[in-house]
Amino acid sequence: MKQPLIVANWKMNGSELLLRDLVRAFEHQGPDLAAQVVLTLPAPFFSLARALLESGEISWGGQNIHWQDEGAFTGEISAPMIAAMGGTHCIVGHSERRQGWAETDQVVASKAQACLRADITPIVCVGERLEERQQDKTMEVVKRQLEAVITNLAPALLEKIVVAYEPVWAIGTGQEATPEMAQEVHSSLKKLLGTQCLQSPPVLYGGSVKADNVAALLAMDDVDGVLVGGASLVTEEFVRLCAYAGEQAKNNSNG
Ligand code: 13P
């Protein structure tokens, strides 16, 4: 059975209390969670994550890094810093960073490479804005964003990344893409990835994912997991979402 990958993106939210609460809730849930869970956290919570998630059943990571490994970059953190603390993943190219910090495709590509140099998994986000979808430019946009990252990656490195398709209009709006819309984009992204490596990296869907819609999304052939914002900040909702994801994975493998 292929385990779905569930990544929580807390953005600039949460607290140590929430992290403790979430970890406790997963412990109560028991060991048979059929999903792989990664919490991407604000940097001030990294040390607590290291202490609480020592067993490695749940992994953790960052939401952004600088593309350099070290230097005079006040306020930034680097991929080697996350790796040194035991973090395993980092989001790069989230649409909030592309929009709010003017991150270009090239910057995102450099950040993905910084993650790979530090041996952590970049979660590379791509996604179209509403007007781009309305102008029928979705595929053009997401392919351009992905190509910038994968063009110069050797197949062995490409297989180590994770891709997340997050339509910008679905983020934080409660208006998720339909499973069919997600499938259509994921299948094109996988075709593109497949031209450069044998084993396509996982492609996650993000944008208003909740416990109630996760199973339908994961029932799609090319949706390998989800990237979850708001619903990852409510313990009971997120634990339920992960449990439903695990159940769906079992159904997929039985069907
Ligand atoms: P929401 O789940 O709150 O829509 O956020 C999605 C997201 O941006 C995850 O990276």
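These notes cover the structure that comes with them. Small disclaimer: the values here were computed from a predicted structure and weren't measured.

Quick look at the layout of surface pockets
Here the largest pocket is characterised by a volume of approximately 480 Å³. Taken together, 19 residues line the largest pocket, and the ones lying closest to its centre are K11, M12, Q63, N64 and R97. The class makeup of the residues in the lining of the largest pocket is nine nonpolar, six polar and four charged.

Observations concerning the pattern of salt bridges
Under the counting rule described, the total for this entry stands at 15 salt bridges. With a closest N to O distance of 3.9 Å, R24 and D21 form a salt bridge. Within this pair, R24 and its partner D21 are both found in helix α1 (residues 16-29), separated by three residues, close to a single helical turn. D21 gets classed as partly exposed once you look at its relative accessible area, which sits at 34%. The salt bridge involving K190 is made with D224; its shortest N-O contact spans 2.7 Å.

Topic: the packing of α1 against helix α11 (residues 235-254)
Remark: α1 packs on α11, axes separated minimally by 10 Å, with the N-to-C direction vectors making an angle of 40°. By the criterion of interaxial angle, the relationship of α1 to α11 is oblique. The way α1 lies across α11 gives a crossing that is right-handed. Only T235, F238, V239, C242 and A243 of α11 make contact with α1, whose side of the interface consists of L18, D21, L22, A25, F26 and Q29. Along the lines of polarity and charge, the residues of the contact of α1 with α11 split into eight nonpolar, two polar and one charged.

Conventions used here
- Residues numbered from 1 in each chain as written.
- Predicted model: local features only at pLDDT ≥ 70, side-chain atom pairs only at ≥ 80, totals over all residues.
- Heavy atoms only, no water.
- 1 Å grid on protein atoms, 1.4 Å probe; cavity = no way out; pocket = protein on both sides within 12 Å on 5 of 7 lines; lining within 4 Å.
- Points joined across faces, edges and corners; volume = space filled by probe spheres on them.
- Nonpolar A, V, L, I, M, F, W, Y, C, P; charged D, E, K, R; others polar.
- Salt bridge = Lys/Arg side-chain N within 4 Å of Asp/Glu carboxyl O.
- Helix = DSSP H or I, 4+ residues; strand = E, 2+ residues; numbered from the N terminus.
- Buried < 20%, exposed > 50% of the residue type's maximum accessible area, 1.4 Å probe, protein only.
- Axes fitted to C-alpha atoms, helices over the stretch in contact; angles between N-to-C directions.
- Parallel < 35°, antiparallel > 145°, perpendicular 65-115°, else oblique.
- Left-handed = near helix turned anticlockwise from the far one by under 90°.
- Contact = heavy atoms within 4.5 Å.

The quantities given are spatial measurements derived from coordinates; they are silent on function.
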